[in-house]
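If you want the building blocks of each chain, they are given just below.
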Amino acid sequence: MKLEDSSRTPYIPQVKILKRPNDAKTVVVSEKSPSRHPAKTLQQREAEYAEARLRILGSASSEEEQSSRYVNIWF
């Protein structure tokens, strides 16, 4: 059972759209801007991937290489 208090006015929220000040600095990132990290060569990326794979899985070879070994054993 809900009792209404007729002596109170209901709360009606007001929505205001605020503008940012003109002196606010916005950061614009261009696709052509130089990145913080220099581009890595394919060999560098492959070496880093092999190191991470060895560290995480304990194996430096990919699943494809491992599956091809098993296929070659049986034939």
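Quick caveat, the model's predicted, so the values are computed rather than measured.

Peer 1: I'd like a rundown of the overall build of the protein, residues and numbers included.
Peer 2: Within the protein, the secondary structure is distributed over two helices and zero strands. Residues counted as buried form 4% of the 75 residues belonging to the protein. Approximately 8800 Å² of the protein is accessible, and the part contributed by carbon and sulfur atoms is 56%.

Peer 1: Explain the pattern of salt bridges residue by residue, including any values.
Peer 2: Side chains that carry opposite charge are capable of pairing whenever their charged atoms lie near each other. The tally for this structure, following the rule as stated, stands at one salt bridge. In this structure, Glu48 and Lys40 form a salt bridge, with 2.9 Å as the shortest nitrogen-oxygen distance. Assessed through its relative accessible area of 41%, Lys40 is described here as partly exposed.

Peer 1: Mind laying out helix H1 (residues 42-57), listing which residues take part and the relevant values?
Peer 2: Helix length check: H1, at 16 residues, gives a terminal C-alpha distance of 22 Å against a target of 22 Å (1.5 Å per residue), a fit within 8%. The positive-phi residue at the C-terminal boundary of H1 is Gly58, with phi of around 80°.

The rules behind each value
Residues numbered from 1 in each chain as written. Predicted model: local features only at pLDDT ≥ 70, side-chain atom pairs only at ≥ 80, totals over all residues. Heavy atoms only, no water. Helix = DSSP H or I, 4+ residues; strand = E, 2+ residues; numbered from the N terminus. Buried < 20%, exposed > 50% of the residue type's maximum accessible area, 1.4 Å probe, protein only. Areas by Shrake-Rupley, 256 points an atom, 1.4 Å probe, with all protein chains shown as cover. Salt bridge = Lys/Arg side-chain N within 4 Å of Asp/Glu carboxyl O. Expected span 1.5 Å × (residues − 1).

Note that every value here comes from positions in space, so none of it alone points to a role or purpose.
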